[in-house]
Amino acid sequence: MTRIFLRHCIKWIVELLMSRKNITVSVLLASLLLFRFFVRNPEIIHVEQSVAMMDLVIKEPPLTRKGKITWWESNETIIKKKYGSPKGDENGVYFINLLDGGNGLQKLAEDSSNWFSFTQRKFYCFDEIKSEERCFENHIIMTIFHDESNKVHYLINDEEILN
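Throughout, a residue's number is its position along its own chain's written sequence, starting from 1. Since the coordinates come from a predicted model, pLDDT governs what is reported: local features require at least 70, and pairs of side-chain atoms require 80 or more to be given and counted, while whole-chain, interface and lining totals use all residues. The side-chain figures draw on all heavy atoms in the structure; neither hydrogens nor water molecules are used.

Chemist: Please set out the sheet that holds strand S8 (residues 152-156) residue by residue, giving values where relevant.
Modeler: Pairing is mixed in the open sheet, where 6 strands are placed in the order S1-S2-S3-S7-S8-S9. Looking at which strands have only one partner, the edges of the open sheet turn out to be strand S1 (43-50) and strand S9 (159-162). For this sheet, the mean angle separating the axes of adjacent strands, direction not counted, is 20 degrees. Examined bridge by bridge, S8 and S9 share 4 bridges and lie antiparallel to one another. Across the sheet, Leu155 pairs through a bridge with Glu160, a residue of S9. Any two strands are treated as partners once DSSP identifies two or more bridges connecting them. The numbering of helices and of strands both runs from the N terminus, where a helix is a DSSP run of H or I of at least 4 residues and a strand a run of E of at least 2. Lines fitted to C-alpha atoms define the axes here, with helix axes fitted over just the stretch in contact, and angles between the N-to-C directions of these axes take values from 0 to 180 degrees.

Take a look at the structure:
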């Protein structure tokens, strides 16, 4: 029964896609989605600093590894001027975490997981914000590490890239 249903669904989708009007509409929608995918406007929505550590929460961060590194390299001097740059330790070492702030500030729930879920949502909270809504879902998109030999390392999805 399921196979017959799937065959009919596939046949219907193929017929729908094969008509010229639908092909044109499909191509236009696909190009709009790709345009939206590649043209993002990252915006810093929160910054927190301590010695040798800086956290930047970004709305609409770049999606690709190359896009993240390019965004950081083109905005590094602006960020350092505006936020006083990350203050390195006595050896000049510092870390910068870029966090995805896509869902915005949230109130930390007592239990951030469901009993039937195998995943637990982790939150990154800022003590500097005095509101109850002071947490972001902890999704680090990139960590930038500046070492004592003045080299920059990027850590993206557990892969280190030396620049």
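Chemist: Got a sec to walk through the nonpolar core? Specific residues and values, please.
Modeler: For this analysis, a nonpolar core means a set of buried residues of the types Ala, Val, Leu, Ile, Met, Phe, Trp, Tyr and Cys, connected via side-chain atoms within 4.5 Å. Three exposure classes are used, based on accessible area relative to the maximum for each residue type with a 1.4 Å probe and protein chains only: buried under 20%, partly exposed in between, and exposed over 50%. The biggest cluster of nonpolar side chains holds 17 residues, and the ones touching the most others in it are Leu56, Trp72, Ile96, Leu98, Met142, Ile144 and Tyr154. Only strand S2 (53-59), helix H3 (65-83), strand S3 (94-100), strand S7 (140-146) and S8 provide two or more residues apiece to this core. Excluding residues that lie within four positions of it along the chain, Tyr154 makes contacts with Ile69, Trp72, Glu73, Met142, Thr143, Ile144, Glu159, Glu160, Ile161 and Asn163. Among the nonpolar cores identified, the runner-up in size contains 6 residues, and Val57, Leu99, Tyr124 and Phe126 belong to it. Here, residues are in contact when the closest pair of their heavy atoms is within 4.5 Å.

Chemist: Describe in detail the side chain of His146, supporting the description with residues and values.
Modeler: Position of His146 relative to the elements: it lies in strand S7. Residue His146 is classed as buried on the basis of its relative accessible area of 12%. A distance of 3.0 Å separates a polar side-chain atom of His146 from the backbone oxygen of Gly92. Polar contact is the term for a pair of N or O atoms within 3.5 Å; when the atoms are in protein, one must be able to donate a hydrogen and the other to accept it, and sequence-neighboring residues count only if both atoms are side-chain atoms.

Chemist: Any chance you could break down H3 for me, citing the residues and the numbers?
Modeler: Note that bend, as reported per residue, equals the angle between axes fitted to the 7 residues terminating at that residue and the 7 residues originating from it. At Asn75, H3 shows its largest kink, close to 50 degrees. Those residues of H3 that sit buried are Lys68, Ile69, Trp71, Trp72, Asn75 and Ile79. Tucked into the core, H3 has its buried residues touching S1, S2, S3, S7, S8 and S9. Gly84 lies just past H3 and shows a positive phi near 75 degrees.

Chemist: Give me the lowdown on the side chain of His153, citing residues and values where you can.
Modeler: Here His153 is to be found in strand S8. At 2.7 Å, the side chain of His153 and the side chain of Glu160 are in polar contact.

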